[in-house]
Amino acid sequence: RDEAALLAALARRPMAGFDLKPLYRVLAAAGQSQASTRDAREEKGGRPGPPEPLPVPAGDVKLAAYLLDPVRNRYHLVDLARQFLGVEVEEGPADRPADPACRTPALLGRDAALCARLRPAIEAEIAARGLERVYREIELPLVPVLAAMEVAGIAVDREQLERLGRQFAARSEELAQRIYELAGETFNINSTQQLGQVLFERLKLPVVKKTKTGYSTDAEVLEALAAEHPIAELVLEYRSLAKLRGTYVEGLAEHIGPDGRIHTTFQQTVAATGRLSSTQPNLQNIPIRDEPGRSLRRAFVAAPGHRLVAADYSQIELRVLAHYSGDRALHEAFAHGQDVHARTASEIFGVPLEQVTPEQRRVAKAVNFGLAYGQTDFGLARALRIGRAEAKRFMERYFERYPGVKRYMEETIRRARQTGEVTTLFGRRRPIPEIRHRVPHIRQNAERVAINTPIQGSAADIMKLAMIRVHGALLREGLSARIVLQVHDELIVEAPEDEVPRVAALLRREMEGAYRLDVPLVVEVKAGVNWYEMEEMNG
DNA sequence: CCTGACTCGC
DNA sequence: ATGCGAGTCAGGG
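**Topic: unusual backbone geometry**
For step 1, the next point in the chain: Here the residue pair Gln280 and Pro281 is connected by a cis peptide bond, since its omega of -5 degrees sits within 30 degrees of zero.
For step 2, the next point in the chain: Secondary-structure assignment places Pro281 in the loop between β6 (277–279) and β7 (300–301).
For step 3, the next point in the chain: At the junction of Glu291 and Pro292, the peptide bond is cis and its omega measures out at 0 degrees in the coordinates.
For step 4, the next point in the chain: The topology assignment puts Pro292 in the loop between β6 and β7.
For step 5, the next point in the chain: In this model, Lys204 sits at a positive phi of 55 degrees, which is unusual for a non-glycine residue.
For step 6, the next point in the chain: Here Lys204 shows up in the loop between α8 (192–202) and α9 (219–225).
For step 7, the next point in the chain: Owing to a relative accessible area of 66%, Lys204 belongs among the exposed residues under this scheme.
For step 8, the next point in the chain: Of note, the phi angle at Gln280 is positive, near 50 degrees, even though the residue is not glycine.

Written as structure tokens, this is what we have:
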């Protein structure tokens, strides 16, 4: 039809605009259905052949505005028009895509015209601020990749999800009854207010922490109260099940489409560090650490005849830190493929690598973990539940053994203070005006941001580059496998069974080769019929 | 519809 | 008072 012809014409020519991903999503979906009808006509049978790759957008003023100031909470055309053109206008369809009332020919035309005038102005700033590479080589090429991922979606086994839901509900009911017995009354356990009254007024348990508005009942408090009264542990388990039921079982079920798949939206202009985020639903926070939450991953499945192949970067943030700091010991650990937490334990506790105990390794892991966040002795003490003095000794010992890391952190803060901003490997920038603030806690918070952003943001740069490479390689090699999810350091691909070995090799090659750091990038690959049971493929 | 408390992920 | 996100629920407007 005319519409199909129009979409095909659009898909052939690079476009510039404002927030092009939704349009690319339409184009990707049309390309997918076009490829399958074409193949059906030509009786190729089975799987659709390769769709025409969509061109990289010529420009996107929303992405450009995000790169110029990634901290803003919105990137509306009206704000950009004011900032870059000095024009004051009412919101139109570009800023209210969900509002059909503003989708009038006049306003559509006006937004298009604004966008056309904005592009040269805003792209001049991109060039002037050294953001050309991250714009042209990362964010713009990523648009068709994200659109394809959103269109692909991930298959969900609704019956499996519902089975888990029933298990959680049964256990939840059991816990609620026992909680009411111990409380001596029924109440809404989900209400922090009512729970606070029961715990601290009726049962007279000690108040260990308060919030702005009353008693704190968070997990840390309940864990402390577990020593005082059996109700605390029951509430903890009840609350975790309530979370699983509400957010994951019911929340995810609402998003299963008629194709039996969940199609999330990846936000490209939200995280100040350059990471992606995932909404409606968020598929980047599916439980993994504890059962029974982890079992939800059984509901994320590969289509019949397919496998999920998951590839994750091993310790990418610590590797970025090793690269940036040039620290000798950290370099050595990665160059020799050592267990980096064991190596750190060996350094802080002064014992040979082979004699590191699991407890020492656990402490070292917490120290390593906190590095990228600008951790303080106070924070480490809390995380490990040890004294502040002891935490301080661990940190001092760490920085003695890794002086390059200490130097790097001091230098990063010094430079941030001088320039008022920090940058990533690819030149992505983040302004940090608070780094010169005279109130200590505000300034210290800014210093942690200054430490964290280059590390988290560079890892995000590398992952985005890897996604572009993997997507391109899959198409180029004529494979039917498609990227379906990204979870910050992990890519999930859905592949026909017979493609799995090639896809595993491709993922390792393209991800490890995405960027050349001074230490190797290492990728671990796993495959399985669902996201829970996955076998390593690191042969 | 918004905010705060809470909890999930990396 | 260790970084970055999103969603749910309760409770109030």
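**Some words on the nonpolar core**
For step 1, the next point in the chain: Counting residues in each nonpolar core, the largest one holds 153 residues, and the members touching the most others are Tyr313 and Met511.
For step 2, the next point in the chain: Those residues in contact with Met511 that lie beyond four places of it in its chain are Ala311, Tyr313, Met463, Ala466, Val470, Leu491, Leu521 and Val523.
For step 3, the next point in the chain: Core analysis: the next-biggest nonpolar cluster, separate from the first, contains 6 residues, Ala416, Val422, Ile435 and Ala446 among them.

**Here's the deal with the packing of aromatic side chains**
Two measures describe an aromatic ring pair: the distance that separates the ring centres and the angle between the ring planes.
For step 1, the next point in the chain: In total, this model carries 10 aromatic pairs according to the counting rule given.
For step 2, the next point in the chain: Here Phe300 and Trp531 contribute two aromatic rings whose centre-to-centre distance is 5.5 Å and whose plane-to-plane angle is 80 degrees, an arrangement assigned as edge-to-face. With Phe300 in strand β7 and Trp531 in the loop between β13 (523–528) and β14 (535–536), the pair connects residues that are 231 residues apart, well separated along the chain.
For step 3, the next point in the chain: Given a relative accessible area of 0%, Phe300 falls into the buried group.
For step 4, the next point in the chain: Judged by its relative accessible area of 4%, Trp531 is buried.

**As for the pairing of strand β12 (residues 490–496)**
For step 1, the next point in the chain: Burial of β12 is extensive: 7 of the 7 residues sit out of reach of the surface.
For step 2, the next point in the chain: Residues Glu490, Ile492, Glu494 and Pro496 of β12 are buried on one face, and the alternating residues Leu491, Val493 and Ala495, pointing to the opposite face, are buried as well.
For step 3, the next point in the chain: Strand direction decides the pairing type here: strand β8 (residues 306–313) and β12, joined by 7 bridges, are antiparallel. Among the inter-strand pairings, Ala310 is bridged to a residue of β12, identified as Ile492.
For step 4, the next point in the chain: Here 4 bridges tie strand β11 (residues 482–486) to β12, and the two strands are oriented antiparallel to one another. Looking across to β12, one finds that Gln486 is bridged to Leu491.
For step 5, the next point in the chain: Here β11 hands over to β12 after 3 residues, with His488 in that stretch at a positive phi of 70 degrees.

**A closer look at the protein's contact with DNA strand B**
For step 1, the next point in the chain: Every one of the 21 residues lining DNA strand B counts as a neighbour, but Thr217, Lys243, Arg275, Asn285 and Ile288 are closest to it.
For step 2, the next point in the chain: Residue Ile288 places a main-chain N or O atom 2.7 Å away from a phosphate oxygen belonging to DNA strand B.
For step 3, the next point in the chain: Take Asp489: an N or O atom from its side chain is 3.1 Å from a sugar or linking oxygen of DNA strand B.
For step 4, the next point in the chain: Examining the composition of the surface near DNA strand B, we find that 3 residues originate from one element, helix α10 (residues 231–253), more than from any other.

**Thoughts on the sheet that holds β12**
For step 1, the next point in the chain: Spatial ordering of the open sheet is given by β11-β12-β8-β13-β14, a layout of 5 strands whose pairing is antiparallel. This sheet does not close on itself; its edge strands, each paired only once, are β11 and β14.
For step 2, the next point in the chain: Inspection of the sheet shows β8 paired to β13 by 6 bridges, in the antiparallel sense. Bridge pairing in β13 links Ala310 to Lys526.
For step 3, the next point in the chain: Lying over the sheet, helix α18 (residues 440–476) contacts β8, β11 and β12, oriented at roughly 160 degrees with respect to β11.

**Let's talk about the domain arrangement of chain A**
For step 1, the next point in the chain: Its domain assignment divides chain A into domain 1 (3–151), domain 2 (158–259), domain 3 (279–316 + 461–536) and domain 4 (318–455).
For step 2, the next point in the chain: Using C-alpha coordinates to define each centre, domain 2 is positioned 33 Å away from domain 3.
For step 3, the next point in the chain: Domain 2 puts 10 residues into the contact, and the matching count from domain 3 is 13 residues.
For step 4, the next point in the chain: A per-residue breakdown of the area domain 2 buries against domain 3 is headed by Tyr248, Leu252 and His255, which together make up 48% of the total.
For step 5, the next point in the chain: Counting every contact that joins domain 2 to domain 3 gives 0 salt bridges.
For step 6, the next point in the chain: Every element with two or more residues in the side of domain 2 that touches domain 3 is listed here: α7 (158–183) and α10.

**What about the packing of α8 against α10?**
For step 1, the next point in the chain: The geometry of α8 relative to α10 is characterised by a closest axis approach of 12 Å and an angle of 165 degrees between their N-to-C directions. By the angle class used here, α8 and α10 are roughly antiparallel. For the element pair α8 and α10, the recorded crossing hand is right-handed. Here α8 contributes Thr192, Leu195, Val198 and Leu199 to the contact with α10, which in turn contributes Ile231, Val235 and Arg239.

What counts, and at which threshold
Residues numbered from 1 in each chain as written. Chains lettered and ligands numbered in written order. Predicted model: local features only at pLDDT ≥ 70, side-chain atom pairs only at ≥ 80, totals over all residues. Heavy atoms only, no water. Helix = DSSP H or I, 4+ residues; strand = E, 2+ residues; numbered from the N terminus. Buried < 20%, exposed > 50% of the residue type's maximum accessible area, 1.4 Å probe, protein only. Core = buried A, V, L, I, M, F, W, Y, C linked by side-chain atoms within 4.5 Å. Contact = heavy atoms within 4.5 Å. Phe/Tyr/Trp six-rings, centres within 6.5 Å; stacked < 30°, edge-to-face > 60°. Pairing = 2+ DSSP bridges. Near = heavy atom within 4 Å. Polar contact = N/O pair within 3.5 Å; in protein donor to acceptor, adjacent residues only side chain to side chain. Axes fitted to C-alpha atoms, helices over the stretch in contact; angles between N-to-C directions. Domains from an automatic or database assignment. Buried area = accessible area lost by both parts, 1.4 Å probe. Salt bridge = Lys/Arg side-chain N within 4 Å of Asp/Glu carboxyl O. Parallel < 35°, antiparallel > 145°, perpendicular 65-115°, else oblique. Left-handed = near helix turned anticlockwise from the far one by under 90°.

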